[in-house]
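Reading the structure
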Amino acid sequence: DASLTDINSFSPMMPTSPLSMINQIKFEDESDLKDLFITVDEPESHVTTIETFITYRIITKTSRGEFDSSEFEVRRRYQDFLWLKGKLEEAHPTLIIPELSSHKKQGPGLLSRMGQTVRAVASSLRGVKNRPEDFMEMNHFIEIFSQKINLIDKISQRIYKEEREYFDEMKEYGPIHVLWSASEEDLADPLKGIASCIEECCTAIEKRMSGLSEAVLPVMHEYVLYGDVLMGVMKRRDQIQAELDSRVEALTYRKADADLLTEEIGKLEDKVECANNALRADWERWKQNMQSDIKSAFADMAEENVHYYEQCLATWESFLTSQTDLHLEEDSEDRL
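My aim in this report is to walk through the structure given alongside it, one point at a time.

Thresholds, definitions, all that
Position labels on residues start from 1 in each chain and follow its written sequence. The predicted origin of the model limits local features to residues at a pLDDT of at least 70 and limits the giving and counting of side-chain atom pairs to 80 or more, whereas totals for whole chains, interfaces and linings rest on all residues. Here the side-chain values reflect all heavy atoms present in the structure, with hydrogen atoms and water set aside. In this analysis, the protein atoms alone were mapped onto a 1 Å grid. Cavities are point sets where a 1.4 Å probe fits without being able to get out; pockets are open sets with protein on both sides within 12 Å along at least five of seven lines; lining residues have an atom within 4 Å of a point. Grid points are joined across faces, edges and corners, and a volume is the space filled by probe spheres set on the points. Here a strand is any run of E in DSSP of at least two residues, a helix any run of H or I of at least four, and the numbering for each starts at the N terminus. Residues are sorted three ways: Asp, Glu, Lys and Arg are charged, Ala, Val, Leu, Ile, Met, Phe, Trp, Tyr, Cys and Pro are nonpolar, and all the rest, Gly among them, are polar. Angles shown run from 0 to 180 degrees and are taken between the N-to-C directions of axes, each axis being a line fitted to C-alpha atoms and, for helices, limited to the stretch in contact. Roughly parallel means an angle under 35 degrees; roughly antiparallel, over 145; roughly perpendicular, 65 to 115; everything else is oblique. Note on contacts: a residue pair is in contact if any heavy atoms of the two residues lie within 4.5 Å. For a helix, the expected span equals 1.5 Å multiplied by the number of residues minus one. Two strands qualify as a pair provided that DSSP identifies no fewer than 2 bridges between them.

With respect to empty space enclosed by the protein
- All chains considered together, the criterion is met by two cavities of 30 Å³ or more.
- Space inside the second largest cavity adds up to approximately 30 Å³.
- Ala-204, Lys-207, Arg-208, Glu-304, His-307, Tyr-308 and Gln-311 together form the lining of the second largest cavity.
- Mapped by element, the contributors of at least two residues to the lining of the second largest cavity are α4 (188-215) and α6 (258-335).
- With four residues, the single largest contributor to the lining of the second largest cavity is α6.
- Tallied by class, residues from the lining of the second largest cavity come to two nonpolar, two polar and three charged.

What about the packing of α4 against helix α5 (residues 217-253)?
- Relative to each other, α4 and α5 sit at 25 degrees, their axes nearing to 3 Å. One element, α4, and the other, α5, form an angle in the roughly parallel class. Along its contact with α4, which presents Leu-212, Ser-213, Glu-214 and Ala-215, the element α5 presents Leu-217, Pro-218 and Val-219.
- Across the contact of α4 with α5, the residue classes tally to five nonpolar, one polar and one charged.

Concerning helix α1 (residues 78-91)
- With 14 residues, α1 ought to run about 20 Å at 1.5 Å a step, and its terminal C-alpha atoms sit 20 Å apart, in line with that.
- Where α1 is buried, its residues meet β1 (36-47), β2 (52-62), β3 (71-77) and α5.

Describing the sheet that holds β3
- In space, the three strands of this open sheet follow the order β1-β2-β3, with antiparallel pairing throughout. For this open sheet the edge positions go to β1 and β3, each flanked by a neighbour on one side alone. Shown here is a sheet whose adjacent strand axes are inclined to one another by a mean of 20 degrees, direction ignored.
- In this sheet, β2 lies alongside β1 in antiparallel orientation, the contact comprising 10 bridges. Note that in β2 the partner of Val-40 across the bridge is Ile-58.
- Sheet contacts for α1: β1, β2 and β3; angle to β3, the most-contacted strand, approximately 105 degrees.

Here it is, written out as structure tokens:
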């Protein structure tokens with residue numbers, strides 16, 4: 001899909017999530033804690049007489065003994081990732097597999113996506129009898145989480161947009177003060193000083209925007225996409241249970257083939273139990289990662305904001321101090 005060259009779906013500088021979607025930790029730094037690192041990066045366009053497509057570099061580093069080497073590098077097309085995701089979902093229907101549409105443009109708007117989530121939850125509830133209580137709670141959590149993360153994502157994008165507009169305006173003030181200084185001989189130095197302060201503040205703003213685009217926007221967008229992933233997992237779990245429920249109901253009303261149905265029910269009960277246990281375990285892992293990612297994202301943003309305001313304050317205080325000292329020197333010379 002040629003549209004995948006547009007990595008950012010809502011801002012011109014937004015990279016892929018540094019926390020979850022791409023592992024940025026160096027393998028050598030935490031070899032005692034992790035034994036398998038997979039990095040996906042460097043999209044590359046390919047043009048043939050038949051089609052145009054994009055491949056991505058995949059680097060795998062591992063310390064596991066069953067591998068022939070500690071590092072592998074291959075390139076794969078986007079369709080290969082979709083194939084892998086489908087195979088994983090087929091083999092492990094109740095594991096939470098990350099959404100691959102993160103590089104695509106966002107689909108429906110906020111209210112539409114919220115409505116889709118609510119309808120999916122309601123439909124899922126109607127289709128299954130006697131769902132365990134903890135899965136009822138999961139459904140409720142997913143519904144509330146999707147609403148909140150969509151709203152946070154929308155606000156984060158708006159903040160970034162306003163920061164960009166403010167930055168673009170601020171960049172114009174520095175050159176204006178420099179031009180002004182050329183026509184005001186007595187104010188030339190203060191005006192140039194103001195221009196210098198504005199330039200330093202612009203640099204600080206740009207750094208803060210970079211922090212926002214790297215630490216917050218990708219994480220929020222990733223977890224917006226997770227709303228659909230979670231609903232898909234819950235739907236697949238419910239389908240497994242619904243199949244069991246239908247066999248139990250058939251056994252109740254049919255005397256024929258009772259032995260065959262009993263055998264099928266036994267197998268389905270095992271399948272449901274395995275699916276439930278897998279989802280419960282992956283759910284806790286996902287929640288821990290989600291809380292860690294979002295907490296880290298907002299902590300980084302807060303730190304960037306504090307540093308930005310401290311830097312700007314120091315810049316203007318230094319300028320004001322220089323002007324005050326200059327006036328004191330001039331007054332002293334006048335008295336002499």
